Amino acid sequence: NADFDAYVLSESSLFVYPTKWVLKTCGTTRLLRSVPRLLELAAAAGLAPARCKYNRASFLFPEQQPAPHTGFDAEVEFLDKHLAGHLDVASRQARVIGSPYEGLQWHVYVATSPRDVPLR
């Protein structure tokens, strides 16, 4: 449509807006493995990221997750490695919210550019 392009597959979807892209997935899709290629494509188009937000719930079958999704620490390390030079990973935030003993936890990662303007 006029607002965004959608590429919907059986297990993953990509939504491309004029100012951002959104990746959604379930199962064992290696979502983060797309980040280096997306950064390359953005650079080729003369674009630079202003921020990266990654979040997910607890995995139902964590032992079945492929790298880099073997744990939140590994995901954070992967994002830091690939976003360094693009975003200020030194001041990024990475948190796990909730108790592992009381059900679902949310894993949240946010990195911004030093030139990023806060939303008001």
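Predicted model only: the values in this text are computed from it and were never measured.

K.L.:
So what's going on with the sheet that holds strand β2 (residues 12-16)? Which residues, and what values?
P.N.:
Within the open sheet, the three strands sit side by side as β1-β2-β3. Their pairing is antiparallel. Where the open sheet ends on each side, the last strands, each with one partner, are β1 (5-8) and β3 (21-25). Across this sheet, the average inter-strand angle for adjacent strands is 10 degrees, counted without regard to direction. As judged from the five bridges shared by β2 and β3, these two strands associate in the antiparallel manner. Bridge assignment links Ser 13 to a residue of β3, and that residue is Lys 24.

K.L.:
I'd like a description of unusual backbone geometry, backed by residues and values.
P.N.:
The omega torsion of the bond from Ala 67 to Pro 68 falls at 10 degrees, within 30 degrees of zero and hence cis. Tracing the backbone through its elements, the reader meets Pro 68 in the loop between β4 (51-57) and α2 (72-83).

K.L.:
Mind laying out the packing of aromatic side chains, listing which residues take part and the relevant values?
P.N.:
On inspection of all chains with the given rule, the structure shows two aromatic pairs. With 6.0 Å between their ring centres and 70 degrees between their planes, Phe 4 and Phe 15 make a pair best called edge-to-face. A residue pair is termed long-range when its members are at least 10 positions apart, and Phe 4 in the segment before β1 and Phe 15 in strand β2 qualify at eleven residues. Three or more aromatic residues joined by ring pairs make a cluster, and in this case those are Phe 4, Phe 15 and Tyr 17. The ring of Tyr 17 is capped by Lys 20, whose NZ or CZ atom sits 5.1 Å from the centre of that ring.

K.L.:
Explain α2 to me, and be specific about the residues and the numbers.
P.N.:
Taking 1.5 Å per residue as the helical rise, α2 with its twelve residues ought to reach 16 Å, and the 16 Å between its terminal C-alpha atoms agrees with that figure. Elements in contact with the buried residues of α2: α1 (35-44), β4, β5 (93-97) and β6 (106-112). Gly 85, located one to two residues past α2, shows a positive phi value of around 90 degrees.

K.L.:
Residue-level account of the side chain of His 69, with values.
P.N.:
Mapped onto the elements of the fold, His 69 is located in the loop between β4 and α2. Note on His 69: relative accessible area 3%, which makes it buried. Here the side chain of His 69 touches Leu 31 through a polar contact of 3.3 Å, landing on its backbone nitrogen. Setting aside its immediate chain neighbours within four residues, His 69 contacts Thr 29, Arg 30, Leu 31, Leu 32, Tyr 54, Phe 59 and Glu 75.

K.L.:
Provide a residue-level description of the sheet that holds β5, including the pertinent values.
P.N.:
Spatial ordering of the open sheet is given by β4-β6-β5, a layout of three strands whose pairing is antiparallel. Of all strands in the sheet, those bounded by a partner on one side alone are β4 and β5. Strand-to-strand twist in this sheet, taken as the mean axis angle between neighbours without regard to direction, amounts to 10 degrees. Note that β4 and β6 share seven bridges and pair antiparallel.

Conventions we followed
Chains are numbered independently. Their residues run from 1 in the order of the written sequence. Owing to the predicted nature of the model, reporting of local features is limited to residues with pLDDT of at least 70; listing and counting of side-chain atom pairs is limited to 80 or more, with chain, interface and lining totals taken over all residues. Values shown for side chains rest on all heavy atoms present in the structure; no hydrogens or waters enter the calculation. A pair of strands counts as paired when DSSP detects no fewer than two bridges linking them. Per the convention used, a helix needs a DSSP run of H or I reaching at least four residues, while a strand needs a run of E reaching at least two, with both numbered from the N terminus. Only the stretch in contact is used when fitting a helix axis, every axis being a line fitted to C-alpha atoms; angles between N-to-C directions are given from 0 to 180 degrees. Put simply, two rings from Phe, Tyr or Trp (the six-membered ring, in Trp's case) pair if the centres are within 6.5 Å, and we call them stacked under 30 degrees between planes, edge-to-face over 60, tilted for the rest. Lysine NZ or arginine CZ positioned within 6 Å of the ring centre and within 35 degrees of the ring normal marks a charge as sitting over the ring. Expected span, for any helix, means 1.5 Å times one less than how many residues it has. Two residues qualify as a contact provided that any one of their heavy atoms is within 4.5 Å of a heavy atom in the partner residue. Three exposure classes are used, based on accessible area relative to the maximum for each residue type with a 1.4 Å probe and protein chains only: buried under 20%, partly exposed in between, and exposed over 50%. Throughout this description, a polar contact denotes any pair of N or O atoms lying within 3.5 Å of each other; where both atoms belong to protein, one of them has to be capable of donating a hydrogen while the other can accept it, and for residues adjacent in sequence the pair is counted only when both atoms sit in side chains.

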